[in-house]
Amino acid sequence: WAIAFAFLVPQIGSFFRSLRKCMFKFNSWPKFKNFILVLTMEVCHTIGLAMLSFMVLPDMDSVSVFILTSSFAFAPACFLLLSRFQEDNDRKTHVSKFRLTIDIIAIVSQLSGALFWPLLQWLGVNQGQVIPHPYPWAIPVAVILTSLGWWETFTDEDSWTGLGKYLWSIKREMIDKAGSRYVVYVFVTPFKIITFLVGMVLITWQTGIIDKPSNLTNYFGKSFGNHTYVVSTVEWEDIPGGSSFMDGV
């Protein structure tokens, strides 16, 4: 529930800000297909966050999580690649091969970060030293879905590709004066809130964290109560190989 509130509070603030802008500012209505695309991107982003919060990250250590978070720019990196294909005023297409190469390397790097743990687990590498993740398939899926939330970052006005032009037209429709951004997010934000809550219930239920969805109400008070942790001191002699480690230090 604490994780849910950490997600819900900013979304509720975003909803009321968009509602205020719609009521007291001039806004335009978006095209239906543009609204559907933005809604799809935001809902996918929210599903990815729910998977990360309740399925992926709880079974990973802090170092692995730190490495995994560096892969959240996969979708923006792909859209940046599309923006490299540009056309000038004479309708001629030109591409920077150097930037294109760097973008491809960036995409591969982003994807490799998401696929690193599933591949190691499926190949059976370090099985005796690393605790296997119970849902390895969810790691790349959650990362890719989460990265869709930043689709606007690298949409470019001069993009030559059809998809690049379409994404820019949606962004321009939202950011222009009296644009449609606040109208869009008045409707999108409730969808995101509902999606996250439903995802929280389904994921915790299907992964066995709770026996049935109604159990979540029993944990509401406990989530904001006191949590006791036991910190124990471990002697080097009790750790296999501890003496050799101390010799190295």
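Throughout this description, residue numbers start from 1 for each chain and increase along the sequence as written. Per-residue local features are limited, in this predicted model, to residues with pLDDT of at least 70; the limit for side-chain atom pairs, both in listing and counting, is 80 or more; totals at the level of whole chains, interfaces and linings are taken over all residues. With hydrogens and water stripped out, all remaining heavy atoms of the structure feed into the side-chain values.

**Comments concerning the confidence of the model for the protein chain**
The test is simple: The pLDDT value expresses, per residue, how confident the predictor is, ranging between 0 and 100. Numbering of helices and strands starts at the N terminus; helices are DSSP runs of H or I of at least 4 residues and strands are runs of E of at least 2. Contacts are assigned to residue pairs that have any heavy atoms within 4.5 Å of one another.
The share of residues in the protein chain with pLDDT of 70 or more is 85%, and the mean pLDDT across the chain is 79. Predicted confidence in the protein chain is weakest over helix H10 (residues 242–248), with a mean pLDDT of 49, and strongest over helix H2 (residues 32–56), with 91. Confidence drops under a pLDDT of 50 for residues 245–249, and excluding neighbours within four residues, the segment shows two contacts in the predicted structure.

**Notes on the side chain of Lys171**
Selection rule: Any residue under 20% of the maximum accessible area for its type is buried, any over 50% is exposed, and the rest in between are partly exposed; the area is computed with a 1.4 Å probe on protein chains only. When charges are counted, neither His nor the chain ends are considered; positive counts come from Lys and Arg and negative counts from Asp and Glu. When a carboxyl oxygen of Asp or Glu lies within 4 Å of a side-chain nitrogen of Lys or Arg, that pair is called a salt bridge.
Turning to its location among the elements, Lys171 is positioned in helix H7 (residues 162–175). It turns out Lys171 is buried and unbridged, and the closest side chain with the opposite charge, Glu152, is 5.4 Å from it. Leave out the neighbours within four places in its chain, and Lys171 touches Trp151, Glu152, Thr153 and Thr155.

**Quick look at helix H1 (residues 2–24)**
As a reminder of what qualifies: To estimate the expected span of a helix, count its residues, drop one, and scale the result by 1.5 Å.
Here H1 spans 33 Å end to end across 23 residues, near enough to the 33 Å set by a 1.5 Å rise per residue. Three or more residues of H1 are buried, namely Ala4, Phe7, Leu8, Gln11, Ser18 and Lys21. In this structure, the buried side of H1 is in contact with H2 and helix H8 (181–206).

**Observations regarding the packing of aromatic side chains**
Spelled out, the test is: Stacked, tilted and edge-to-face are the three classes assigned to paired rings of Phe, Tyr and Trp, where Trp is represented by its six-membered ring and a pair needs centres within 6.5 Å; plane angles under 30 degrees give stacked, over 60 edge-to-face, the rest tilted.
Taken as a whole, this structure holds five aromatic pairs when the rule is applied. A centroid spacing of 6.4 Å and a plane angle of 90 degrees characterise the contact between Phe35 and Phe187, whose relative ring orientation is edge-to-face. Here Phe35, found in helix H2, pairs with Phe187, found in helix H8; they are 152 residues apart in sequence, far enough to count as distant. When its relative accessible area of 16% is taken as the criterion, Phe35 is described as buried. For Phe187, a relative accessible area of 41% puts it in the partly exposed group. Ring geometry for Phe54 against Phe196: centres 5.8 Å apart, planes inclined by 55 degrees, an arrangement best described as tilted. Within this pair, whereas Phe54 is found in helix H2, its partner Phe196 is found in helix H8, the two being separated by 142 residues in sequence. Just as Phe54 is buried, Phe196 falls in that class too.

**With respect to the environment of Ile107**
Counting through the fold element by element, Ile107 comes out in helix H5 (residues 97–123). Looking at Ile107, the relative accessible area reads 13%, which means it is buried. The sequence separation of Ile107 and Ala73 amounts to 34 residues, and the corresponding C-alpha distance is 8.5 Å. In this structure, Ile107 is in contact with Phe74, Ala77, Cys78 and Leu81, ignoring residues within four places of it in sequence.

**A look at the pattern of salt bridges**
Per the counting criterion, the structure on display carries two salt bridges. Ionic pairing is found between Arg181 and Glu152, a salt bridge with its closest N-O pair at 2.8 Å. Here the residue Arg181 occupies a position in helix H8, and Glu152 occupies one in the loop between helix H6 (138–147) and H7, the gap between them amounting to 29 residues. You can call Glu152 buried: its relative accessible area is 15%.

**Describing the environment of Lys165**
Topologically, Lys165 is positioned in helix H7. Exposure remark for Lys165: the relative accessible area of 36% places this residue in the partly exposed category. Placed 83 residues apart in sequence, Lys165 and Leu82 show a C-alpha to C-alpha distance of 9.5 Å.

**Side note on H6**
In terms of burial, H6 is a largely internal element, eight of the 10 residues being buried. All of the buried residues along H6 are Ala138, Ile139, Pro140, Ala142, Val143, Leu145, Thr146 and Ser147. Residues of H6 that are buried sit in contact with H2, helix H3 (62–68), helix H4 (74–83) and H5.

**Overview of the packing of H2 against H8**
So the rule is basically this: Structural elements are reduced to axes, namely lines fitted to C-alpha atoms, with helices fitted over the stretch in contact, and the angle between N-to-C directions of any two is expressed from 0 to 180 degrees. Working rule for angles: under 35 degrees goes down as roughly parallel, over 145 as roughly antiparallel, 65 to 115 as roughly perpendicular, anything else as oblique. Note on convention: near helix rotated counterclockwise from far helix by under a right angle means a left-handed crossing. Clockwise means right-handed. Residues are grouped as follows: Ala, Val, Leu, Ile, Met, Phe, Trp, Tyr, Cys and Pro are nonpolar; Asp, Glu, Lys and Arg are charged; all remaining types, including Gly, are polar.
One can describe the packing of H2 onto H8 by two numbers: an axis separation of 9 Å at closest approach and a directional angle of 30 degrees. Classed by the angle they form, the pair H2 and H8 counts as roughly parallel. In this structure, H2 meets H8 at a crossing whose hand is right-handed. Looking at the contact of H2 with H8, its residues break down into 18 nonpolar, five polar and two charged.

**Quick look at the side chain of Asn34**
Among the secondary structure elements, Asn34 is positioned in helix H2. Residues within four places of Asn34 in sequence aside, it is in contact with Tyr166, Ile170 and Glu173.

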